[in-house]
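# Coordinate analysis (summary)
So you can see what is in the structure, the chains are spelled out below.
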Amino acid sequence: MGSIVIDENYENCRKLLKDSIGSKRYMHSIGVSNTAACLAMRYGSDVKKAYLAGLLHDCAKGLKDVQLVETVERAGIEISPLETDNPELLHSKAGSVVAKDKYGIDDKDILSAIFYHTTGKPGMTVLEKIIFVADYIEPNRTDLPGLDDIRKTAFVNIDTAIEMICKNTLDYLKKNGKAIDRATVDTYEYYRRG
Ligand SMILES: [Fe+2]
Ligand SMILES: [Fe+2]
């Protein structure tokens, strides 16, 4: 697909999304899409793609655990043992499937930005970085440690912002005795090295 057409489809998209994920998550999604568009302006990425990827990044959040597993399996995507134990982690992978099947998105950049938005990965594309960061810093986020600093840094050096977000996430998971996804550690190590 070339450039995304965001006219009446985009309206449909928003209605469908709100019905699927509820108004609170919908507001979060609107926050991510606006923030992603701003980051795209800063980093010379396609603003409309960033907006749409931000809007749809959590489009699988309304699915139940069994549906998440089923959606990902049906698409032939590998499920890690951690994801088997915590199916909610699959909402990003499932989201790329739902965005394609339900919302008609066939743009690979958008789909991969949705796919990797929870953990990030080493060597992300600019759009993948933008969605990963926008998810964390969007205005509706409740206050997280160092959030003001991360918000500022996101518009100065996005790689440093990714490092800070991963560090925060890993600290939070460790402190609360929650399972750590290897992918988050890999992302942190990669962006820490600069
Ligand atoms: Fe998410
Ligand atoms: Fe999100």
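A short tour of the structure in this document, coming up. (Residues numbered from 1 in each chain as written. Chains lettered and ligands numbered in written order. Predicted model: local features only at pLDDT ≥ 70, side-chain atom pairs only at ≥ 80, totals over all residues.)

This next bit is on the overall build of the chain. Scanning the chain from N- to C-terminus turns up 10 helices and 0 strands. When the helices and strands of the chain are placed in sequence order, the string is α-α-α-α-α-α-α-α-α-α. Taking 2.2 N^0.38 as the reference for a compact globule, 194 residues should give roughly 16 Å; the C-alpha atoms of the chain span a radius of gyration of 16 Å, in line with that estimate. Along the first, second and third principal axes, the C-alpha set of the chain runs to 40 × 40 × 30 Å. Out of the 194 residues belonging to the chain, those deemed buried represent 40%. (Helix = DSSP H or I, 4+ residues; strand = E, 2+ residues; numbered from the N terminus. Rg over C-alpha atoms; globule rule 2.2 N^0.38 Å. Buried ≥ 20, exposed ≤ 12 C-beta atoms within 10 Å, placed from the backbone.)

Quick look at the nonpolar core now. Ranked by internal contacts, the top residues of the largest apolar core, which has 51 residues, are A36, A50, A53, L56, I130 and V133. Here A50 is in contact with A36, A37, L39, A40, S45, L127 and I130, once residues within four sequence places are set aside. (Core = buried A, V, L, I, M, F, W, Y, C linked by C-beta atoms within 7 Å. Contact = placed C-beta atoms within 7 Å.)

This part covers helix 2 (residues 47–56). For helix 2, the tally of buried residues reaches 8 of 10 residues, placing the bulk of the element in the interior. Burial in helix 2 covers these residues: K49, A50, Y51, L52, A53, G54, L55 and L56.

Two numbers describe a pair of packed helices, the interaxial angle and the distance between the axes. Viewed as axis vectors pointing N to C, helix 5 (residues 91–101) and helix 6 (residues 108–115) meet at an angle of 150 degrees, and their least axial separation amounts to 7 Å. Judged on the interaxial angle alone, helix 6 and helix 5 are roughly antiparallel. Of helix 6, the residues touching helix 5 (which contributes S92, K93, G95, S96, A99 and K100) are I110, L111, I114 and F115. Looking at the contact of helix 5 with helix 6, its residues break down into 5 nonpolar, 3 polar and 2 charged. (Axes fitted to C-alpha atoms, helices over the stretch in contact; angles between N-to-C directions. Parallel < 35°, antiparallel > 145°, perpendicular 65-115°, else oblique. Nonpolar A, V, L, I, M, F, W, Y, C, P; charged D, E, K, R; others polar.)

Counting buried residues along helix 5, 9 of its 11 residues qualify, which places the element largely inside the surrounding structure. Its buried side turned inward, helix 5 meets helix 2, helix 3 (65–74) and helix 6.

Moving on to the environment of D135. Relative to the assigned elements, D135 resides in helix 7 (residues 126–137). For D135, a count of 23 C-beta atoms within 10 Å gives the class buried. When the C-alpha atoms of D135 and E11 are compared, they prove to be 21 Å apart, with 124 residues separating the residues in sequence. Look past the residues within four positions of D135 in its chain and what remains in contact with it is V32, H57 and H117.

On to the environment of D149, then. Tracing the sequence through the fold places D149 in helix 8 (residues 147–154). You can call D149 exposed: it has 11 C-beta atoms within 10 Å. C-alpha of D149 to C-alpha of A161: the two residues are 12 residues apart in sequence and 8.8 Å apart in space.

At their nearest, the axes of helix 3 and helix 5 sit 9 Å apart, and the two run at 60 degrees to each other. As summarised for this structure, helix 3 and helix 5 are arranged oblique, according to the angle between their axes. Crossing geometry of helix 3 relative to helix 5 is assigned as left-handed. For the pair helix 3 and helix 5, the contacting residues are L68, T71 and V72 in the first and H91, K93, A94, V97 and V98 in the second. (Left-handed = near helix turned anticlockwise from the far one by under 90°.)

Residue position: L55 is located in helix 2. When the 25 C-beta atoms within 10 Å are taken as the criterion, L55 is described as buried. Along the backbone, L55 and C13 are 42 residues apart, and their C-alpha atoms lie at a distance of 8.8 Å. The contact partners of L55, leaving out residues within four places of it in the chain, are C13, L17, S29 and S33.

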